[in-house]
Each structure stands twice: as C-alpha cells, then as structure tokens.
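Residue-level structural notes
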Amino acid sequence: MSFLFYLVGAPGSGKRTVGKELSALTGAALLDNHLFNDPVFTAFGVDGVSPVPPELFDLAEEVRQVGLRALRLSPPARSHILTNYLSRVEDGEEVVAELRALARERGAAFVPVWLECPLPELEARMGQPERRERLKLRDPLILRGLMERGGVMEAPADALVLDTSCLEPHKAARRIVAFAAGVAGAGMLANPA
C-alpha cells in the first residue's frame, strides 16, 4: 500500500526536517512546500525577511497544482510526503479535502500530521542557516504577526498531532510511521478486498 503523508505546521515547526527523516525511513518522495514556492520566490527575489506579495502565493499555487498532476501520474506504489502551513483564516479544509481525494484516487492511505511548536521556540528557529538557503521566513516579528492573525488551522479529528519542540525529528518520523500503519490497517478493514 502507498501513503500520502501530509505534514502541516507553522513556519519553523520542522515540516521539512521531519519530512526528510520520514522520507529516509519510508522511501516516500518529499515534496515540501518550498519545492513549489522557491521557483517563484527566487524569480521575484524573496529574502525571507521582507513581506511576500500575495500574488506570489497565487503563482506558487499554480506550480503546486502542476506538482500534484505529476503526483497523480506517478506509479501507484509510490508514496509521497507533502508539507504545508495552513492558517485558520484560509480555506485549509478544502486543501485537506483535495489531498484526501487524491489519496483515494491513487488507492493510497492518507496520513494527516499536525506539527505543533510553541511560539517562542518557533521564533528562536527563525535564525537557522537553512532558512536563509531555502528562502523561508526568517523574521520573528513577521512570524509573530502571522501567528496572531491566523495561527495554524485546527487539526482534523483523524490527524496525528506532534509537539516538535520536545521531539527529535527521527523520533517524530518513527511515530508517523507507526501511526500510518494503523491508518493503513483501518483502511483495509473498512475496504475489504
């Protein structure tokens, strides 16, 4: 059985870091949100400190849709990991529903995972060197404003919720794998062959 892992969390919560560990454990392809954002962000000159014009996110969504089309064409046995930040003020439920439907189309188990991390820890992580290299948000004040305005969308009832402030990435990945095994088992029981 293949899997569609969906890691959601605030900027700095460790989505890509945990995703890399999960990819190493499972062989799933990691399609982190910056894979889709960076071509647009690089062309514009996003620096991770200045605000990003909303139009750029619209363009990045177009790139994301192309990536999802390619995912649909991939071999059925191939598993994938997607990452994202969904705020409470966006249409996050629609994004989750879109990915659930995509997993169903592929016969894959959908594994939603919400990564939580307290704001002071998120702010401290903004200075990590990798954030500059990956054109990620690096300004703690912008992060604070983002969290105050929209926070993170509430996790769906079937999601695994992990606190990445006190959980090492490789341990988080192992918990996700164990959770996914339960999701796959429940799916097989619900859809006997």
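All values derive from a computational prediction rather than experimental measurement.

**Looking at the sheet that holds strand E5 (residues 160-163)**
With respect to topology, five strands assemble into an open sheet ordered E2-E3-E1-E4-E5, the strand pairing being parallel. Looking at which strands have only one partner, the edges of the open sheet turn out to be strand E2 (29-31) and E5. If you compare each strand with its neighbour and ignore which way they point, the axes differ by 20° on average. In the sheet, E2 pairs with strand E3 (residues 80-84) via three bridges, with the strands oriented parallel.

**Some points on the side chain of Asp38**
Note that Asp38 resides in helix H2 (residues 33-44). One buried charged residue, Asp38, remains without a salt bridge, the closest side chain of opposite sign being Arg134 at 4.3 Å. Residues in contact with Asp38, not counting those within four places in the same chain, are Arg134 and Leu135.

**So, the environment of Ala173**
Note that Ala173 resides in helix H8 (residues 169-190). Since its relative accessible area comes to 0%, Ala173 is described here as buried. Remark: the alpha-carbon pair of Ala173 and Leu22, spanning 151 residues in sequence, is separated by 4.8 Å. In this structure, Ala173 is in contact with Val18, Glu21, Leu22 and Leu25, ignoring residues within four places of it in sequence.

**Re the confidence of the model for the chain**
Here the chain averages 93 in pLDDT, and 96% of its residues register 70 or above. Note that pLDDT drops below 50 for residues 188-193; the model gives that stretch zero contacts with residues more than four away or on any other chain.

**A closer look at the pairing of strand E4 (residues 109-116)**
Of all eight residues in E4, seven are buried; the element is thus mostly enclosed. The sheet contact formed by E4 and E5 spans four bridges and is parallel. Its bridge partner being in E5, Leu115 is matched across the sheet by Leu162.

**A few points about the packing of helix H3 (residues 54-73) against helix H4 (residues 92-106)**
How two helices pack is summed up by the angle between their axes together with the distance between the axes. Running from N to C, H3 and H4 point in directions that differ by 20°, and their axes come no closer than 10 Å. With respect to H4, the axis of H3 lies roughly parallel. Between H3 and H4 lies a crossing whose hand is right-handed. Here H3 contributes Arg64, Gln65, Leu68, Leu71 and Arg72 to the contact with H4, which in turn contributes Val95, Glu98, Leu99, Leu102, Glu105 and Arg106. Classifying every residue of the contact of H3 with H4 gives five nonpolar, one polar and five charged.

**A closer look at the state of the cysteines**
Across all of its chains, the model carries zero disulfides by this definition. In this model Cys117 remains outside any disulfide bridge; the closest cysteine sulfur is found in Cys166, 8.8 Å from its own. Overall, Cys117 belongs to the buried group, its relative accessible area being 13%. A residue is classified by how much of its surface remains accessible, and Cys166, at 64% relative accessible area, is exposed.

The rules behind the values
Residues numbered from 1 in each chain as written. Predicted model: local features only at pLDDT ≥ 70, side-chain atom pairs only at ≥ 80, totals over all residues. Heavy atoms only, no water. Pairing = 2+ DSSP bridges. Helix = DSSP H or I, 4+ residues; strand = E, 2+ residues; numbered from the N terminus. Axes fitted to C-alpha atoms, helices over the stretch in contact; angles between N-to-C directions. Buried < 20%, exposed > 50% of the residue type's maximum accessible area, 1.4 Å probe, protein only. Lys, Arg positive; Asp, Glu negative; His and termini not counted. Salt bridge = Lys/Arg side-chain N within 4 Å of Asp/Glu carboxyl O. Contact = heavy atoms within 4.5 Å. pLDDT = per-residue confidence, 0-100. Parallel < 35°, antiparallel > 145°, perpendicular 65-115°, else oblique. Left-handed = near helix turned anticlockwise from the far one by under 90°. Nonpolar A, V, L, I, M, F, W, Y, C, P; charged D, E, K, R; others polar. Disulfide = S-S within 2.5 Å.

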